[in-house]
Amino acid sequence: MDHVPGVILGLCSYTHDSAAALLVDGELVGFVEEERLSQKKHTHEYPHHAVEWLLGEAGLTPGDVDVVAYNFQPVRYLVEAPAALCLALSGTTRGRALPRAAGFAKVALRTRRRVQSLGRQFPGAQISPVLHHRAHQLAAFAASGWDESAVLVLDSLGERQTTTIAHGHHAGRPTTRVLEVIYDPASLGYVYGASTWAGAGETKKAP
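Since we're looking at a predicted model, the values are computed, not measured.

**Examining the overall build of the protein chain**
No. 1: Helix and strand content of the protein chain: six helices and eight strands.
No. 2: Tracing the protein chain from N to C terminus, the helices and strands come up as β-β-β-α-α-β-α-α-β-α-β-β-β-α.
No. 3: Against the globule reference of 17 Å for 207 residues, the protein chain gives a C-alpha radius of gyration of 18 Å, in line with a compact fold.
No. 4: Expressed along its principal axes, the backbone C-alpha trace of the protein chain runs to roughly 60 × 35 × 30 Å.
No. 5: The proportion of buried residues among the 207 residues of the protein chain is 39%.
No. 6: Residue pairs in contact within the protein chain that sit at least 24 positions apart in sequence constitute 58% of those at least 6 positions apart.
No. 7: Of the roughly 11,700 Å² of accessible surface on the protein chain, a fraction of 58% belongs to carbon and sulfur atoms.
No. 8: The positive charge centre, built from 19 side chains, and the negative charge centre, built from 20, are 13 Å apart in the protein chain.

**Notes on the packing of aromatic side chains**
No. 1: Counted according to the given criterion, the structure contains five aromatic pairs.
No. 2: Clustering of aromatic rings is evident, with ring pairs tying together Tyr-14, Tyr-46, Tyr-70, Phe-72, Tyr-77 and Phe-104.

**Examining the sheet that holds strand E6 (residues 148-158)**
No. 1: Read from one edge to the other, the open sheet built from three strands follows the order E6-E7-E8, with strand pairing classed as antiparallel. Only two strands of the sheet have a single partner each, and these edge strands are E6 and strand E8 (174-183). Taken over all neighbouring pairs, the strand axes of this sheet differ in orientation by 25 degrees on average, direction set aside.
No. 2: Summarising the sheet, strand E7 (residues 161-170) and E8 pair through nine bridges and their orientation is antiparallel. Among the inter-strand pairings, Gln-161 is bridged to a residue of E8, identified as Tyr-183.
No. 3: On top of the sheet, helix H5 (residues 132-144) reaches E6, E7 and E8; it is set at about 140 degrees to E6, its chief contact.

**Observations regarding the environment of Glu-159**
No. 1: Within the secondary structure, Glu-159 is located in the loop between E6 and E7.
No. 2: Owing to a relative accessible area of 2%, Glu-159 belongs among the buried residues under this scheme.
No. 3: The spacing of Glu-159 and His-49 is 110 residues in sequence and 27 Å in space, taken between C-alpha atoms.
No. 4: Other than its neighbours up to four places away in sequence, Glu-159 contacts Asn-71, Phe-72, Gln-73, Arg-76, Tyr-77, Phe-104, Val-130, Leu-131, His-132 and His-133.
No. 5: Separated by 2.8 Å, the side chain of Glu-159 and the backbone nitrogen of Gln-73 make a polar contact.
No. 6: Separated by 3.0 Å, the side chain of Glu-159 and the backbone nitrogen of His-132 make a polar contact.

Cut-off values and rules
Residues numbered from 1 in each chain as written. Predicted model: local features only at pLDDT ≥ 70, side-chain atom pairs only at ≥ 80, totals over all residues. Heavy atoms only, no water. Helix = DSSP H or I, 4+ residues; strand = E, 2+ residues; numbered from the N terminus. Rg over C-alpha atoms; globule rule 2.2 N^0.38 Å. Buried < 20%, exposed > 50% of the residue type's maximum accessible area, 1.4 Å probe, protein only. Contact = heavy atoms within 4.5 Å. Areas by Shrake-Rupley, 256 points an atom, 1.4 Å probe, with all protein chains shown as cover. Lys, Arg positive; Asp, Glu negative; His and termini not counted. Charge placed at Lys NZ, Arg CZ, Asp CG, Glu CD. Phe/Tyr/Trp six-rings, centres within 6.5 Å; stacked < 30°, edge-to-face > 60°. Pairing = 2+ DSSP bridges. Axes fitted to C-alpha atoms, helices over the stretch in contact; angles between N-to-C directions. Polar contact = N/O pair within 3.5 Å; in protein donor to acceptor, adjacent residues only side chain to side chain.

Structure follows, in structure tokens:
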């Protein structure tokens, strides 16, 4: 969009480490993880404490929010679901193809319901689902202080992207352009999670 809305609320919600960020007229008011206020470590709940605190700091109400940016795109899960059927081409992964495709479709519907829920909480706002890796890219690049740079994101899974390399540059405001992508099930994030969370009683599950 050419016009930047006055009040933008960014949300990481319904997944680990829920958080919120608030921008007013292009200026960052603040950002906070929900666990800092709720005292629930790595909470996946909607960050209502964080949202309330940020809006209070800015002297705003939910009705003043113009755009809510949510860090997953339900339609991308649905579009990517058939790609999981490619696992059927290998004898070692054939048994995972249908369950994997069904998992992506299930997450697509669940994410859509969550986006609809945000619409009910902010009826006057545009709800803007953001591709997960794009959210990571922009957050990293905007905070880097660089006018131009390569941006590397290594994740367990965002929609179906696990690793992305992008070109970040300032064109009036920070923007990124994806150059290379690695897709599920190839994921260094899965390897990291398996090695660091083993025996900790917590596992980050893919769809």
